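# Residue-level structure breakdown
Read off the chains here:
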Amino acid sequence: MMHTTVGWHVELEFQEDDQHTRAAALVRLPDGTEVRAHGHASRHRSDSNQPRVGEEIAGARALNELAMQLLTKAHREIDEASGRTSHPINV
């Protein structure tokens, strides 16, 4: 049986105007580090104004960047612990 020993909370904040949505993502890790990332979305002037869609796109882009940073951090920690260069971690 598997037990949960740690949980992560990811925070997303959005800033919007009529044409742009910006997202900021933050995760605080148990080792005390914070990883931050940003994403954006732009609405074409002929598209209807749908703020939720802009948030979804900008949020997904920020989370994707956050994931890549976490993979890079994990890869670096694997290399440091093993004393050798490991194979890249692919998504």
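One can find the structure itself at the top, above this paragraph.
Structure report, in brief. (Residues numbered from 1 in each chain as written. Predicted model: local features only at pLDDT ≥ 70, side-chain atom pairs only at ≥ 80, totals over all residues. Heavy atoms only, no water.)

## Structural notes on the overall build of the protein
Counting its secondary structure elements, the protein contains 1 helix and 3 strands. Helices and strands appear in the protein in the N-to-C order β-β-β-α. Scaling as 2.2 N^0.38, a compact globule of 91 residues should have a C-alpha radius of gyration of about 12 Å, whereas the protein reaches 17 Å, well beyond that. Each principal axis of the C-alpha atoms in the protein carries an extent, and together these give about 55 × 30 × 25 Å. Here the protein, with 91 residues, has 22% of them falling under the buried criterion. Long-range pairs, those at least 24 residues apart, make up 38% of the contacts in the protein between residues at least 6 apart in sequence. Only carbon and sulfur atoms are counted for the fraction: they give 52% of the accessible area of the protein, which is about 7100 Å². (Helix = DSSP H or I, 4+ residues; strand = E, 2+ residues; numbered from the N terminus. Rg over C-alpha atoms; globule rule 2.2 N^0.38 Å. Buried < 20%, exposed > 50% of the residue type's maximum accessible area, 1.4 Å probe, protein only. Contact = heavy atoms within 4.5 Å. Areas by Shrake-Rupley, 256 points an atom, 1.4 Å probe, with all protein chains shown as cover.)

## Quick look at helix α1 (residues 51-82)
The end-to-end C-alpha separation of α1 is 46 Å, in line with the 46 Å expected for 32 residues at 1.5 Å each. Within the span of α1, buried status applies to Gly-54, Ala-58, Gly-59, Ala-62, Leu-66, Leu-70, Lys-73, His-75 and Asp-79. Where the residues of α1 are buried, they touch β1 (10-16), β2 (20-28) and β3 (34-42). Gly-83 sits one or two positions beyond α1 and adopts a positive phi of about 75°. (Expected span 1.5 Å × (residues − 1).)

## Quick word on the nonpolar core
Formed by Ala-23, Ala-25, Val-27, Leu-29, Val-35, Ala-37, Ala-41, Ala-58, Ala-62, Leu-66 and Leu-70, the largest nonpolar core amounts to 11 residues. Elements supplying a minimum of two residues to this core: β2, β3 and α1. The leading source of residues in this core is α1, at 4 residues. Once residues within four sequence positions are removed from consideration, Val-35 is found in contact with Ala-25, Leu-26, Val-27, Leu-29, Leu-66, Gln-69 and Leu-70. (Core = buried A, V, L, I, M, F, W, Y, C linked by side-chain atoms within 4.5 Å.)

## A closer look at the sheet that holds β2
Spatial strand order, β1-β2-β3: 3 strands in an open sheet with antiparallel pairing. Bordering the open sheet on either side are β1 and β3, each of which pairs with just one other strand. Pairwise comparison of adjacent strand axes, ignoring direction, gives a mean angle of 15° for this sheet. Of the pairings in the sheet, the one linking β2 to β3 comprises 9 bridges and is antiparallel in character. Each residue of the ladder has a partner; that of Leu-26, found in β3, is Arg-36. The sheet strands contacting α1 are β1, β2 and β3, and the helix crosses β3 at an angle near 145°. (Pairing = 2+ DSSP bridges. Axes fitted to C-alpha atoms, helices over the stretch in contact; angles between N-to-C directions.)

## Some words on a nonpolar patch on the surface
Taken together, the side chains of Val-10, Leu-12, Phe-14 and Leu-63 define a hydrophobic patch exposed on the protein surface, amounting to about 300 Å² of accessible area. With 3 residues, the single largest contributor to the nonpolar patch is β1. Here Phe-14 shows up in strand β1. Assessed through its relative accessible area of 33%, Phe-14 is described here as partly exposed. (Patch = residues over 30% accessible without salt bridge, like charges linked within 9 Å, V, L, I, M, F, W, Y side chains within 5 Å. Salt bridge = Lys/Arg side-chain N within 4 Å of Asp/Glu carboxyl O.)

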